[in-house]
Amino acid sequence: MSDSPGLSRAQVAVLYLVLTTAIASGIAIYSSATTITSLLKTATSGLFLPILLAMIVAFMLEPLVRLIENRGIHRTLAIFCIYLLISGTIVLLLLLIGPPNWRSMIQALKADVPRYVSFAIVYLTGLLELAQQHFPFIAHYNLGDHLRDFSQTLIGAILIQTPRSAMRIGSLLILVPLFSFFFLRDSRRIMRGIIALTPNRYFEMVLDIYSHVSWQLSNFIRGRIIEAIIVGLVVWAGLALTDIRYAPILAVIAGVSNLVPYVGPIFGMLPGITIALVDLGVGAQFWWILCVYILIAQIIVDNMILIPILISKVSNLHPLWVILAIIMGGKLYGILGMIIGVPIASIINIVILEIRQYRRTFNPYNRYFSSRGKML
Amino acid sequence: MTSNPFWHNIFRNQADKQTLSYFLSQVPIFNKLTRRELAYLEKLVHIRNFEADEMIFSAGDVGSGMYIIRSGQVQIFSLDTDGLEQELALLEPGDFFGEVALTASRPRSASARATTATSLVGLFRSDILEATHRHPAPTAKILFGLNRVLADRLLHCSEQLVMLQRSSNISQGRPHE
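The structure presented is a predicted model; accordingly, all values stated were derived computationally and were not measured.

1. Points about the sheet that holds strand β4 (residues 74-79) of chain B
Residue and element names in this part refer to chain B.
At step 1: Strand order in the open sheet formed by four strands is β2-β7-β4-β5, with antiparallel pairing between adjacent strands. Whereas interior strands pair on both sides, the edge strands pair on one side only; in this sheet they are β2 (55-57) and β5 (85-91). Across the sheet, the mean angle separating the axes of adjacent strands is 30 degrees when strand polarity is ignored.
At step 2: Sheet analysis places β4 next to strand β7 (residues 111-114), joined by four bridges and oriented antiparallel. Within the sheet, the bridge partner assigned to Gln 75 lies in β7 and is Arg 113.

2. What to know about the environment of Glu129(A)
At step 1: Residue placement: Glu129(A) occurs in helix α4 (residues 102-134).
At step 2: For the pair formed by Glu129(A) and Ile194(A), sequence separation is 65 residues and the distance between their alpha carbons is 62 Å.

3. Some points on the packing of helix α2 (residues 48-69) of chain A against helix α3 (residues 75-97) of chain A
Residues and elements named next belong to chain A.
At step 1: Where α2 meets α3, the closest approach of the two axes is 9 Å, and the angle between their N-to-C directions is 120 degrees. Classified by the angle between their axes, α2 and α3 sit oblique to one another. Crossing of α2 over α3 shows right-handed handedness. Residue-level contacts link Leu 61, Leu 64, Val 65, Ile 68 and Glu 69 of α2 to Arg 75, Ala 78, Ile 79, Cys 81 and Ile 82 of α3.
At step 2: Among the residues making up the contact of α2 with α3, the classes are represented as eight nonpolar, no polar and two charged.

4. What about helix α9 (residues 284-311) of chain A?
Residues and elements named next belong to chain A.
At step 1: Here α9 contains 28 residues, and its C-alpha end-to-end distance of 34 Å is more than 12% below the 40 Å for a straight helix at 1.5 Å per residue.
At step 2: Within α9, burial applies to Ile 289, Val 292, Tyr 293, Ala 297, Gln 298, Asp 302 and Leu 306.
At step 3: For α9, the secondary structure elements touched by its buried residues are α6 (200-240), α7 (247-257) and α8 (264-280).

5. Observations concerning the packing of α6(A) against α9(A)
Angle between the axes and distance between the axes: these two values describe a pair of packed helices.
Residue and element names in this part refer to chain A.
At step 1: Orientation of α6 relative to α9, taken along the N-to-C sense of each, is 155 degrees, at an axis distance of 10 Å. The angle between the axes of α6 and α9 places the two elements in the roughly antiparallel class. Considering how the two elements wind past one another, α6 and α9 form a crossing that is right-handed. Residue-level inspection shows Gly 223, Ile 226, Glu 227, Ile 230, Val 231, Val 234, Val 235, Gly 238 and Leu 239 of α6 in contact with α9, the latter providing Ile 289, Val 292, Tyr 293, Ile 296, Ala 297, Val 301, Asp 302, Leu 306, Leu 310 and Ile 311.

6. Examining the confidence of the model for chain B
Residue and element names in this part refer to chain B.
At step 1: Scored by pLDDT, chain B comes out at a mean of 84, with 88% of its residues at no less than 70.
At step 2: The spread of mean pLDDT over the elements of chain B runs between helix α1 (residues 5-10), the lowest at 59, and strand β8 (residues 118-124), the highest at 93.
At step 3: Both scores are available for the predicted complex, with the pTM at 0.73 and the ipTM at 0.80.

7. Topic: the domain arrangement of chain A
At step 1: For chain A, the domain assignment lists domain 1 (9-46), domain 2 (47-186) and domain 3 (198-359).
At step 2: Each of domain 1 of chain A and domain 3 of chain A was reduced to a C-alpha centroid, and the two centroids are 47 Å apart.

Cut-offs applied
- Residues numbered from 1 in each chain as written.
- Chains lettered and ligands numbered in written order.
- Predicted model: local features only at pLDDT ≥ 70, side-chain atom pairs only at ≥ 80, totals over all residues.
- Pairing = 2+ DSSP bridges.
- Helix = DSSP H or I, 4+ residues; strand = E, 2+ residues; numbered from the N terminus.
- Axes fitted to C-alpha atoms, helices over the stretch in contact; angles between N-to-C directions.
- Parallel < 35°, antiparallel > 145°, perpendicular 65-115°, else oblique.
- Left-handed = near helix turned anticlockwise from the far one by under 90°.
- Contact = placed C-beta atoms within 7 Å.
- Nonpolar A, V, L, I, M, F, W, Y, C, P; charged D, E, K, R; others polar.
- Expected span 1.5 Å × (residues − 1).
- Buried ≥ 20, exposed ≤ 12 C-beta atoms within 10 Å, placed from the backbone.
- pLDDT = per-residue confidence, 0-100.
- Domains from an automatic or database assignment.

See the structure below:
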């Protein structure tokens, strides 16, 4: 090396040192970056759901807090009043009605779910055999086995997850009220702090967009949640008239699945219809349950009454975008992603619509030309 | 008690005058507000700092609020058909501008530029709209103050217009009606 014509001994030494330092620091930065991201990932892993739920709770309670605040009461005190009121109502309900017998209901469900699933499998296999008679080429698609495997893994997962999810619900009961308290009290201050960071030239635009997005989003979320609660209540009332079991659980499923537009209600009625088929058979009650799910809950209550009142204020997305948002959200975060995919898509929609108004702001040559195109 | 400048600086007066709410109370629009309403207004406004020669807004931008000058100097100008700048006004601390955009989303009619390092207090439409829901009474008082100053300006303008019309009638030799 020292004999090489171009470089002296000292230069080689410096080069060697520089290269080693560069490689070493590269490795160090890479490893520390991956450690930091993995640390961040583990640190924030359980926080997504409580923060999301706390934001939803904050959006729901905001009008109530505002109502009390308008009477000249300090905001923090108003939030405490609302919290006291809500916990008081829950305690009162528990005292009056008694805690719902969730445990025995879930135990019974655990015993019954395999029965319902095996019925569905038998039913589907029958359908498949019928299909195979007409279309022999699908014979090697053994759908029944697939379904059986899937249902077994699903039941196993439910059995394992139940104690763990009980723990998670316990932590949610503490975290969600705490987070939503701070969101309610300080969200304005936090958002003002973030907006204040924008450069002068974009400040007015960002402020306007923020106010539009927050208005639309709060209306959208409030509307969606109220819609889901009312649909759930309607389904509960309709099912309570029949002899079907698990009416409260089926109502909760119908309400939650109603949060996913278009696709959700269809999946929300499947368990109810299966249970009705197995327990009650095809009869007057079965047709009534089908009628409750489709005609009363979906068409009359949801599409004719609730959506025009609650959601129509918000700028609507084209159904194609809605379905794309549901699919993409589902790929990323499962059922939760399906529910929050649509609000996120509508945020993007509002931001794009708003920014179009401000396109002049983004024109970099704006300052150098007059409005008639003359150079300044 | 001797007024020791050291203690004088630490206690009250001097520090009091540095606060945002003291500044706001000196602005004509807000001088009828109580201490509590000023504290509320302080949470409503945004402080924006501009460098010398930085544009605050250009004519034609979508406006969303008004600015009050806390310190520095602001030049209001428009461009004529040849693209030359025509200075309309040079504003000093305590003056306000851009109030047309506060009530409706209109394009700015003129451009504004900071001539020196300038600190502005911005009051924006979206904040006012939200405040009308949250605290209607103080917001009404703030808007009333703004309305009073604007009405004074309008009165002054129409008086000047009448005077101009009179003088033009006299110069054209037509009899005064």
